[in-house]
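One-letter residues, chain by chain:
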Amino acid sequence: MAKKQLSKSAYGGVPGDKYVPFVSEKDNKGGSPVIMIMGAILAIIFAASTAYSGMKAGLTVSAGIPGAILGSGMVGLFARKKGILGVNLLQGMSSGGEAIASGMIYVLPAIVLIGSKVNLITGFFVGVTAVLFALGVSSLVYNYLIVQEHGKLLYPESMAISEAMVASETGGESLKMMGIGFGIGGIITFMTTQFMGWVNSMISFKGSKSYRWQMSTEVNPMLLGIGFVIGLDVSMTIMAGSILANFAVTPLIGYFTSMAGSSAHVWNDSALLVNQMDVSGVSGNYVKYIGAGMMLGGGIIGAIKLIPAITASIKSTLDARKNANGDSNANGMIALLVGIIGIFVVSIFFAKNIMIMIVGGILAVILSFLFVIVSARMAGTIGASNNPVSGMTIASLVIMTLIFAVAGWTSTSHISILLTFGVFIVTAISVGSGYMQTQKASFIIGGNKGEMAKYYAVAGTIGTIVVVGMTVVLTPQLRITGANPPFALPQANLIAALTQGIMSNKLPWVMVIAGLVISVVLLMWGLPVMTIALGFYLPISTTSIIFIGALVRLIVEQVSKHNKALSDKRVQGGVSLSSGLIAGSSIIGLIGIFLHIFNVIKTRTLTGFAASNEMAWIVMAIMIIAVIIPILRVKEDPKDETSEEK
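What counts as what
Residues numbered from 1 in each chain as written. Predicted model: local features only at pLDDT ≥ 70, side-chain atom pairs only at ≥ 80, totals over all residues. Heavy atoms only, no water. Helix = DSSP H or I, 4+ residues; strand = E, 2+ residues; numbered from the N terminus. Rg over C-alpha atoms; globule rule 2.2 N^0.38 Å. Buried < 20%, exposed > 50% of the residue type's maximum accessible area, 1.4 Å probe, protein only. Lys, Arg positive; Asp, Glu negative; His and termini not counted. Charge placed at Lys NZ, Arg CZ, Asp CG, Glu CD. Phe/Tyr/Trp six-rings, centres within 6.5 Å; stacked < 30°, edge-to-face > 60°. Lys NZ or Arg CZ within 6 Å of the ring centre and 35° of its normal. Expected span 1.5 Å × (residues − 1). Polar contact = N/O pair within 3.5 Å; in protein donor to acceptor, adjacent residues only side chain to side chain. Salt bridge = Lys/Arg side-chain N within 4 Å of Asp/Glu carboxyl O. pLDDT = per-residue confidence, 0-100. Contact = heavy atoms within 4.5 Å. Axes fitted to C-alpha atoms, helices over the stretch in contact; angles between N-to-C directions. Parallel < 35°, antiparallel > 145°, perpendicular 65-115°, else oblique. Left-handed = near helix turned anticlockwise from the far one by under 90°. Nonpolar A, V, L, I, M, F, W, Y, C, P; charged D, E, K, R; others polar. Patch = residues over 30% accessible without salt bridge, like charges linked within 9 Å, V, L, I, M, F, W, Y side chains within 5 Å. Areas by Shrake-Rupley, 256 points an atom, 1.4 Å probe, with all protein chains shown as cover.

Asker: Looking at this structure, I do not really get the overall build of the protein chain. What am I missing?
Answerer: In terms of helices and strands, the protein chain carries 22 helices and four strands. A globule of 646 residues ought to have a C-alpha radius of gyration of about 26 Å, and the protein chain, at 24 Å, matches this closely. The dimensions of the protein chain, computed from C-alpha atoms along their principal axes, are 80 × 60 × 50 Å. The buried share of the protein chain, taken over its 646 residues, is 59%. Of the side chains in the protein chain, 39 bear a positive and 25 a negative charge, and the two mean positions are spaced by 7 Å.

Asker: Got a minute to help me understand the packing of aromatic side chains in this structure?
Answerer: Aromatic rings considered in pairs are described by the distance between their centres and by the relative angle of their planes. As enumerated under the stated definition, the model contains eleven aromatic pairs in all. Ring geometry for F190 against W198: centres 5.5 Å apart, planes inclined by 85 degrees, an arrangement best described as edge-to-face. Taken together, the aromatic side chains of F190, F195 and W198 make up a single cluster linked through ring pairs. Taking NZ or CZ as reference, K449 lies 4.3 Å from the ring centre of Y142, over its face.

Asker: Is there a simple way to explain helix α7 (residues 173–191) in this structure?
Answerer: Note on helix geometry: an α-helix contains 3.6 residues per turn, so any two residues three or four positions apart are oriented the same way. Its 19 residues place the ends of α7 28 Å apart at the C-alpha level, agreeing with the 27 Å of an ideal helix rising 1.5 Å per residue. Within the sequence span of α7, burial applies to M177, M178, G181, I184, G185, G186, I188 and T189.

Asker: Can you walk me through helix α15 (residues 449–473) in this structure?
Answerer: With 25 residues, α15 should reach 36 Å at 1.5 Å per residue; the first-to-last C-alpha distance of 36 Å fits that figure. Measuring from the side-chain oxygen of the N-cap residue of α15 to the backbone nitrogen of G450 gives 3.1 Å; that N-cap residue is N448.

Asker: What is the right way to look at the environment of V345 in this model?
Answerer: The topology assignment puts V345 in helix α11 (residues 330–351). Spatially, the C-alpha atoms of V345 and G361 are 9.4 Å apart, while their sequence positions differ by 16 residues.

Asker: Would you mind going over the pattern of salt bridges with me for this structure?
Answerer: Think of it this way: side chains of opposite charge can pair up when their charged atoms draw near. One pass over the structure, following the stated rule, counts two salt bridges. Residue E557 is joined to R553 by a salt bridge in which the shortest nitrogen-to-oxygen separation is 3.4 Å. Here R553 and E557 lie together in helix α20 (residues 540–559), a separation of four residues that amounts to about one turn. Two residues, D568 and K564, come together in a salt bridge whose shortest N-O distance is 2.9 Å. In this pair, D568 and K564 both sit in helix α21 (residues 564–597), four residues apart, roughly one turn of the helix. According to the relative accessible area criterion, D568 is partly exposed, its value standing at 41%.

Asker: Help me understand the confidence of the model for the protein chain in this model?
Answerer: Do not read the fine detail of predicted coordinates wherever pLDDT is low. Per-residue confidence for the protein chain gives a mean pLDDT of 84; residues scoring 70 or more make up 91%. Across the protein chain, the element-wise mean pLDDT spans from 60 in helix α10 (residues 307–322) up to 95 in helix α22 (residues 613–632). A low-confidence stretch, residues 321–327 (pLDDT under 50), is modelled with seven contacts involving residues beyond four sequence positions or located in other chains. Confidence drops under a pLDDT of 50 for residues 641–646, and excluding neighbours within four residues, the segment shows twelve contacts in the predicted structure.

Asker: Where do I start with the packing of helix α14 (residues 412–445) against helix α17 (residues 490–504) in this structure?
Answerer: A pair of packed helices can be characterised by two numbers: the angle between their axes and the separation between those axes. With their axes 11 Å apart at the nearest point, α14 and α17 run at an angle of 135 degrees to one another. Looking at the two axes, α14 sits oblique to α17. As α14 runs across α17, the sense of the crossing is right-handed. Across the interface between the two elements, I415, L418 and L419 from α14 touch I495, T499, Q500 and M503 from α17. Broken down by class, the residue content of the contact of α14 with α17 amounts to five nonpolar, two polar and no charged.

Asker: Looking at this structure, I do not really get the environment of G408. What am I missing?
Answerer: Within the element layout of this structure, G408 appears in the loop between α13 (389–407) and α14. By relative accessible area, G408 is classed as partly exposed at 43%. Through-space distance from the C-alpha of G408 to that of P539 is 35 Å; in sequence the pair is 131 residues apart.

Asker: It is not clear to me how unusual backbone geometry should be interpreted in this structure. Could you clarify?
Answerer: The phi angle of most residues is negative, glycine excepted, and most peptide bonds adopt the trans form. One non-glycine residue with positive phi stands out, namely K352, at about 55 degrees. Given a relative accessible area of 71%, K352 falls into the exposed group.

Asker: Whenever I open this one, a nonpolar patch on the surface confuses me. Can you help?
Answerer: There is a patch of nonpolar side chains on the surface, built from W509, I513, V517, V521, W525 and L527 and spanning about 570 Å² of accessible area. Here V521 shows up in helix α18 (residues 509–524). Judged by its relative accessible area of 31%, V521 falls in the partly exposed class.

Asker: Just to check I follow, could you spell out the packing of helix α3 (residues 83–104) against α14 for this structure?
Answerer: Where α3 meets α14, the axes come as close as 8 Å, and the angle between the chain directions of the two elements is 160 degrees. It follows from the interaxial angle that α3 and α14 lie roughly antiparallel. Helix-helix and strand crossings are classified by hand; for α3 and α14 the assignment is right-handed. When α3 is examined against α14, the residues I84, L85, N88, Q91, G92, S95, A99, I100, S102, G103 and M104 are found in contact with a partner set consisting of V423, V426, T427, S430, V431, G434, T438, A441, S442 and I445. When its residues are assigned to classes, the contact of α3 with α14 shows ten nonpolar, eleven polar and no charged.

In structure tokens:
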């Protein structure tokens, strides 16, 4: 029989090989055809919603907790006998779909942005080989990271997933909150320009020509939910980057461009005079590249900081292989071998050049191997949601781009090949983090390691189909640029700009170098470089609503601060509701875009009050009230042993 709560030893205090899991029966398999079908559905949902939110805002959230909550409800309805072990597999498959999207959307759209096309078949095989490669590499470090380091590597999100699975066995409060959030997010998204276009959802202000600033906020439930989940500290840091970009750097550059003569034109557009640029032109043509330099600096700094971790992880990998205590790793080694061979075989078809295939393949395998190990370990310290996947990817691609440039492979087709190798790298890094986090949760609960690997691989395959297919279908929308494009694509835009700029030597290097210098200064001040850089690069319409979501969380915490137990319970309810906001808004928004693409719904031009800032303010107020009320209605469980009065 399973216990009613996790033991203290789940968090450490005993050697990993002595830990008794939540379910200790020998028959620890929870799989079945029904579980596989339900897991496939969850993989599709979280791959699609994560791809949408990632391309929209550049931010993603681990699907483990919402997957555990939804999985609990689904198992209760359709596979009750499988119990928590079935739920465990469903959270793993949810994470599998999400991890693919959390990686691929950083690089795959960049192929579109440079003017090439994403090939559905090539993208699929590159993604699948990356999944197998990551599972194989992760299997090498499983014994060390999960068993030997039990209690030392905390795996914070894995423990939260485990607690969510245990809590879901005793009640459906989390599932209820997710349902409420899904409804709020879906309804508001349905009303706004992403779907039916009945009301304006963008609050916008612009400064005068003498002081060119811009401030906008998108009334977006998904972004509000992301802000609630990441909290005030992270969102405030992101917002700081946006304030610096929009209220200091943009007006400063705008001040000097207004003085330019009639012969000076924009560096990448000879038809546009510098002194004719509006605030969006200043931001898009110049300030954006300072942000690119900051993100590049953050990626390089992050990679340098990880050198000791890489060295330690490789050493531990070899030790773990030797000390596996007879635990067979045959499937993991097969997956690794297939992944390595697969990327070379697939590259024959998209590279069509033996030297590029060999050089690109070797670089992709080496860089992926190193960063998958680091990524798997980082999940144990900061969780998969906060893992700097984009930073590791940017560092990898800069290395590959420089080597391609030296070799003379600089055409658009060569850049497309380079980015395809980049898709392999980023997918492997993301899967390494998400998979090890999932396996840690499975270890705590008592799931079967080999069974989880198989189900995760299936989910990764499904996620690859979804993300590559979405990218192909959404190609026209991904190419739209401007102040508030349908998809901000911050990481993909950065990667496209860097690779093209390095290859052609036509980047505004002064701006990029300035960004690099700023990143070094931020490092010297002890500030989170990549987080500030992300805020600097993203549209302020995105970062401001994320910040508002964090303020909503602060309000909930302040209202409940007299009772810590109640405050914690409301915050947890808010996280569940936010997961619903993200899922509901992403899925309904995605459906809306597809319907617009196929002309089922015609794009509306709003006029009058419906198009005004006042209308958007009203929608904002309705959304915030609708979110806060159900969270504050959460009451303290009278069965709780203690409540902390202050």
